[in-house]
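Spelled out from the first residue to the last, the chains are:
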Amino acid sequence: MNWYAVLTPVDTVFVRDGRPFEQTDEGLAQADSLFPAPQYVIAAAIRNALAAQRPYASDDWKMDHDLQWLGDGPLAEGGTIRIGPALLAKSVGVVEELYYPCPAHLLRWQEHDSSALLSPQCDQDDHDLGQGWGGIAFPALERALQNPGNYSAYPDGFLTRQNFKSVLVGKRAECCTLKIMPSASVVSPQTRVGLERSKSTRTAEDGMLYLATHQRFHSYKEDVSGEPTIWNYVASVSGPADQLRGIGPGPVTVPFGGQGRAAHVRFVQQDKVLKSGDCLDRIESDRLQHFTLVALSPVVADALPDFTDIGTLVAVASPAPVLLSPWNYRDKRRGETRRAFASGTVFFLKGNGKPRELQAKLRHLRKSGIGDTDYHAIGYGQFSVGLWPG
């Protein structure tokens, strides 16, 4: 049984970035919120909402039972519930329109207000990226479009499902007219002043002021329908049917991030939500000789992921890497800091083996993910399959 969790922030969102924060030092008494919220923060809110819907007479028994299906710690170790990649969604009334991260091989052509796609140039020599990368090549523009000064990346944009699919199947003509949703159209920063309080007396500490920049989702009226537009995070929730059978629609209010922020979480069955943007089932198997894996969520890996079972990695287009260090509430400490390929990273591969067998392997891999398997249960390493541009 598959469900979707729809997470709507109650007010603003505040999820700390990794900068040093010290109120007594000039210039460091300010903390900014990340956007989008990290996958592990969204997964924790969803797990809290699932636990809140399962009332039991004994708190001790409830905790033991929750660990069996929701898992233990920030990575849901030992659990049977799996959470998918968190995507932005725009709700107008009851309609959910999903938005996907911009793939890193999509570039903006500034002079003509259009877009172009990078792809591996098989007729050119590979460019070695240095030790540990094994001669993986940079993707490049077609020779007819090569003019690097006119192009730039989309650092924080999002695509509708239809536009995302156009990029996945490598339709250059359609990609020229894509409409990118910038982050500024989804959230706006809101600075608030905080005052530190004593942990023992709960009174204000003299002179201990700091600034916290929250993110507020935009809400506005649609011109045609008049229904309010609300931004959410949406992630799939899957697991054994007997464990999900008692889940109600909600909403359930749970903590979300820091600074006392919260979110409403409601659950809807999968057939009531828009389909995913994956094109694997629509791609003819014989076209999988040259395919891409586009990361929908960060891929946790200390080096390049191992793709030997499905193909040969030829090139990578990647935004700046992200660092993960989820907070463990039980142990009151942060976990190990790990490096991850950011959402939108594009891996270009040449397929191995027979096309139909490769298609079956990709379907199986899609159920688990790529990168460190310890992070798969909370939605990391998820991807969509596409084709090289051409």
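The structure contained in this document is the topic of the report that follows. Remember, it's a predicted structure, so these values are computed and weren't measured experimentally.

### Considerations on the side chain of Thr12
Alright, step 1. Turning to its location among the elements, Thr12 is positioned in the loop between β1 (2-9) and β2 (30-32).
Alright, step 2. The buried category is assigned to Thr12, whose relative accessible area is 0%.
Alright, step 3. Among the polar contacts made by the side chain of Thr12, one reaches the side chain of His214 at a distance of 2.8 Å.
Alright, step 4. Here the side chain of Thr12 touches Arg261 through a polar contact of 3.1 Å, side chain to side chain.
Alright, step 5. Apart from the residues within four sequence positions on either side, Thr12 is in contact with Gln190, Arg192, His214, Gln215, Arg216 and Arg261.

### Some remarks on the packing of aromatic side chains
What characterises a pair of aromatic rings is the spacing of the ring centres plus the angle enclosed by the ring planes.
Alright, step 1. As enumerated under the stated definition, the model contains ten aromatic pairs in all.
Alright, step 2. Each ring, one from Phe35 and one from Phe217, has its centre 6.1 Å from the other, and the planes form 75°; the classification is edge-to-face. With a gap of 182 residues between them, Phe35 in the loop between β2 and α1 (39-52) and Phe217 in strand β12 (residues 204-217) connect regions that are remote in the sequence.
Alright, step 3. A ring pair is formed by Phe348 and Trp388, whose centres lie 6.2 Å apart and whose planes are at 75°; its orientation type is edge-to-face. Remark: Trp388 occurs in the segment after β25 (383-387) and Phe348 occurs in strand β24 (residues 346-351); sequence separation between them is 40 residues.
Alright, step 4. In this structure Phe348 comes out as buried when scored by relative accessible area, which is 0%.

### As for the nonpolar core
Alright, step 1. Counting residues in each nonpolar core, the largest one holds 48 residues, and the members touching the most others are Ile46, Leu50, Val237, Phe256 and Phe267.
Alright, step 2. For this core, the elements supplying multiple residues, two or more each, are β1, α1, α2 (59-70), β14 (228-238), β15 (252-255) and β16 (262-269).
Alright, step 3. The contacts of Phe256, once residues within four sequence positions are left out, are Leu7, Val13, Ala37, Val41, Ile42, Ala45, Tyr233, Arg261, Ala262 and Ala263.
Alright, step 4. Among the nonpolar cores identified, the runner-up in size contains 26 residues, and Leu106, Tyr154, Leu178 and Val268 belong to it.

### A word on the sheet that holds strand β19 (residues 311-317)
Alright, step 1. With antiparallel pairing, the four strands of this open sheet are ordered in space as β19-β24-β17-β25. Looking along the sheet, the strands with just one partner apiece sit at the ends: β19 and β25. Across the sheet, the mean angle from the axis of one strand to that of its neighbour is 30°, orientation sign disregarded.
Alright, step 2. Pairing of strand β17 (residues 290-295) with β25 involves five bridges; the strand directions are antiparallel. Residue pairing across strands places Thr292 opposite Gly386, the latter belonging to β25.
Alright, step 3. On top of the sheet, helix α6 (residues 355-368) reaches β17, β24 and β25; it is set at about 155° to β25, its chief contact.

### Comments concerning the pattern of salt bridges
Alright, step 1. The final tally for this structure, using the stated rule, is five salt bridges.
Alright, step 2. Measuring nitrogen to oxygen at the nearest pair gives 3.4 Å for the salt bridge that ties Asp302 to Arg338. Here Arg338 lies in strand β23 (residues 338-341) and Asp302 lies in the loop between β18 (299-300) and β19, a separation of 36 residues in the sequence.
Alright, step 3. A relative accessible area of 62% means that Asp302 is categorised as exposed.
Alright, step 4. For Arg338, the salt bridge is made with Asp372, and the minimal N-O distance between the two is 2.7 Å. Remark: Asp372 occurs in the loop between α6 and β25 and Arg338 occurs in strand β23; sequence separation between them is 34 residues. Accessibility classification places Arg338 together with Asp372 in one group, the buried group.

### What about the pairing of strand β9 (residues 157-160)?
Residues in a regular strand point their side chains to alternate faces of the sheet.
Alright, step 1. Side chains Gly157 and Leu159 project from β9 onto one buried face, and the interleaved Phe158 and Thr160 project onto a second face that is buried too.
Alright, step 2. Inspection of the sheet shows β9 paired to strand β10 (residues 181-182) by two bridges, in the antiparallel sense. Each bridged residue has a counterpart across the sheet, and for Gly157 the counterpart in β10 is Pro182.

### Topic: unusual backbone geometry
Alright, step 1. That bond from Phe35 to Pro36 is cis: its omega, -5°, falls within 30 degrees of zero.
Alright, step 2. Inspection of the secondary structure assignment puts Pro36 in the loop between β2 and α1.
Alright, step 3. Of note in the backbone geometry, Ala76 takes a positive phi value of approximately 55° without being a glycine.

### Things to note about the sheet that holds β23
Alright, step 1. Taken in spatial order, the three strands make up an open sheet running β18-β23-β20, and their pairing is antiparallel. Every interior strand has two partners, whereas the edge strands, β18 and β20 (322-324), have only one.
Alright, step 2. Judged from the two bridges that link them, β18 and β23 form a sheet pairing that is antiparallel. Bridging from a neighbouring strand, Val300 pairs with Ala340 of β23.

Parameters and conventions
Residues numbered from 1 in each chain as written. Predicted model: local features only at pLDDT ≥ 70, side-chain atom pairs only at ≥ 80, totals over all residues. Heavy atoms only, no water. Helix = DSSP H or I, 4+ residues; strand = E, 2+ residues; numbered from the N terminus. Buried < 20%, exposed > 50% of the residue type's maximum accessible area, 1.4 Å probe, protein only. Polar contact = N/O pair within 3.5 Å; in protein donor to acceptor, adjacent residues only side chain to side chain. Contact = heavy atoms within 4.5 Å. Phe/Tyr/Trp six-rings, centres within 6.5 Å; stacked < 30°, edge-to-face > 60°. Core = buried A, V, L, I, M, F, W, Y, C linked by side-chain atoms within 4.5 Å. Pairing = 2+ DSSP bridges. Axes fitted to C-alpha atoms, helices over the stretch in contact; angles between N-to-C directions. Salt bridge = Lys/Arg side-chain N within 4 Å of Asp/Glu carboxyl O.

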